[in-house]
Amino acid sequence: MTEQSILSFITQALNEDLGRGDLYALFAPTKSVRAYVLAKDDGIFSGEVYLKALVAHFGLKLIESLKDSQPFSKGTHIAYIEGDYLAILQVERVLLNILAHSSGIATLTHSYTNLIKDIPIKLLDTRKTRPLLRELEKYSVCNGGGANHRFGLDSMLMLKDTHLAHIEDLQALISNARKRLPFMCPIEVECENIDKVKEAISAGADVIMCDNMNIAQIQEVVAYRNTYAPHIMLEASGNINLTNIREYALSGVDAISVGSLIHQAQWLDLSLKIEN
């Protein structure tokens, strides 16, 4: 995430909302006001960098606000903004949309991480993000206590079932990939059973994804890894939710990836109020 990418994103969002111009600008009084963002739900705050960028873009003053990852309760004033009345009205919807969406993801992620906080394991997101919102959504996961998996196809070489079905010699492919990939680029292979795991480890994979395996299968994989390839990282993925994540976390894997951190998160209820 860079200052330029944040500015580009908020500019597109504002252009979408403002269109050819706010019609109320033809009649709005010229005055300075103070406003605040009100939380109508409990949650974990996320979106601080976007809040600051939007306020600066409109020449407004951010008097105070919560910090990313900070918990809040219903009734909390998340942020205070001061400045031109019309500018505050024009930034309102984009600002609330970003904060509600980002904080919703952070809040759900925190619900997951809170269940496994005593276990040395990484909770990862996935690439199941809304088009053009990946940076915002993955940032939100981090604010909830999670961590990011690959950002895109250029982050690491990951061989899934749709790749493996057309790879005749996995070991040869991985050997060739080592010669062409950046020095620190990991190779992950998706496996659905212990036999596939053994093949991937033998072929030279760095990370094994235990895809849609049950706990007993994963425990078998962990035992094999610990005995024959302790350097290999193990990731569990598929059908993992709030009711079973702790059991998976205790299985011995190094990471758990959960797409629903993002695509099942609900927006928090936030509103903007003008004081004067």
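Because the structure is a prediction, the values reported are computed rather than measured. (Residues numbered from 1 in each chain as written. Predicted model: local features only at pLDDT ≥ 70, side-chain atom pairs only at ≥ 80, totals over all residues. Heavy atoms only, no water.)

Draft legend 1. Molecular detail of unusual backbone geometry. Its identity as a non-glycine residue notwithstanding, asparagine 212 has a phi of 55°, on the positive side. Take asparagine 212: it is sitting in the loop between strand S9 (207–211) and helix H8 (215–228). The class for asparagine 212 is partly exposed, based on a relative accessible area of 45%. The backbone of asparagine 239 sits at a positive phi, close to 60°, despite the residue not being glycine. (Helix = DSSP H or I, 4+ residues; strand = E, 2+ residues; numbered from the N terminus. Buried < 20%, exposed > 50% of the residue type's maximum accessible area, 1.4 Å probe, protein only.)

Draft legend 2. Broad picture of the UniProt feature "domain: Quinolinate phosphoribosyl transferase C-terminal" (unreviewed entry) in the protein chain. Within this structure's numbering, the places UniProt gives as "domain: Quinolinate phosphoribosyl transferase C-terminal" (unreviewed entry) are residues 105–273. The distance separating the terminal C-alpha atoms of residues 105–273 is 23 Å; by composition the span is 41% helix and 17% strand. (UniProt positions renumbered as here; feature names shortened; annotations may be inferred.)

Draft legend 3. A look at helix H1 (residues 3–18). Taking 1.5 Å per residue, 16 residues should reach 22 Å; H1 reaches 22 Å between its end C-alpha atoms and fits that length. Ile6, Phe9, Ile10, Ala13 and Leu14 are the residues of H1 that are buried. On an axial view of H1, the arc spanned by its buried residues comes to 130°, and they lie on one face. Turned more than 90 degrees off the buried face of H1, the exposed positions are Gln4, Asn15 and Glu16. Buried positions along H1 lie against helix H2 (48–57), helix H3 (85–115) and helix H4 (134–143). Positive backbone phi, approximately 55°, marks glycine 19, located one or two places after H1. (Expected span 1.5 Å × (residues − 1). Arc of directions from axis to C-beta. Contact = heavy atoms within 4.5 Å.)

Draft legend 4. Here's a closer look at the sheet that holds strand S10 (residues 233–237). Sheet architecture is open: six strands sit in the order S6-S11-S10-S9-S8-S7, paired in parallel fashion. Strand pairing shows two members of the sheet lacking a second neighbour, strand S6 (122–124) and strand S7 (157–159), which therefore form its edges. Adjacent strand axes in the sheet meet at a mean angle of 20°, parallel and antiparallel pairs treated alike. Sheet analysis places strand S8 (residues 187–191) next to S9, joined by four bridges and oriented parallel. Within the sheet, the bridge partner assigned to cysteine 191 lies in S9 and is cysteine 210. Strands in contact with helix H7 (residues 194–203) are S8 and S9; relative to S8, the strand with the most contacts, it is inclined by about 160°. Here H8 sits on the sheet and contacts S9 and S10; the angle it forms with S10, its principal contact strand, is near 175°. (Pairing = 2+ DSSP bridges. Axes fitted to C-alpha atoms, helices over the stretch in contact; angles between N-to-C directions.)

Draft legend 5. View of the UniProt feature "domain: Quinolinate phosphoribosyl transferase N-terminal" (unreviewed entry) in the protein chain. The UniProt feature table records "domain: Quinolinate phosphoribosyl transferase N-terminal" (unreviewed entry) at residues 25–103. Structurally, residues 25–103 comprises 37% helix and 32% strand, and the distance from its first C-alpha atom to its last is 30 Å.

Draft legend 6. Focus on H2. Listing the buried residues of H2 in full gives Glu48, Tyr50, Leu51, Ala53, Leu54 and Val55. Tucked into the core, H2 has its buried residues touching H1, strand S3 (61–65), strand S5 (77–84), H3 and H4. Glycine 59, located one to two residues past H2, shows a positive phi value of around 70°.

Draft legend 7. Representation of the side chain of glutamine 90 within the structure. Residue position: glutamine 90 is located in helix H3. The class for glutamine 90 is buried, based on a relative accessible area of 16%. In contact with glutamine 90, other than residues within four places in its own chain, are Leu14, Asp17, Leu18, Asp22, Ala25 and Phe58.

Draft legend 8. Quick peek at the packing of H1 against H2. In the contact formed by H1 and H2, the axes pass within 10 Å of each other and the chain directions differ by 65°. Between H1 and H2, the angle falls in the class roughly perpendicular. As H1 runs across H2, the sense of the crossing is right-handed. Facing H1, whose interface residues are Ile6, Leu7, Phe9, Ile10, Thr11 and Leu14, H2 presents Val49, Tyr50, Ala53, Leu54 and His57. A per-class count over the contact of H1 with H2 returns nine nonpolar, two polar and no charged. (Parallel < 35°, antiparallel > 145°, perpendicular 65-115°, else oblique. Left-handed = near helix turned anticlockwise from the far one by under 90°. Nonpolar A, V, L, I, M, F, W, Y, C, P; charged D, E, K, R; others polar.)

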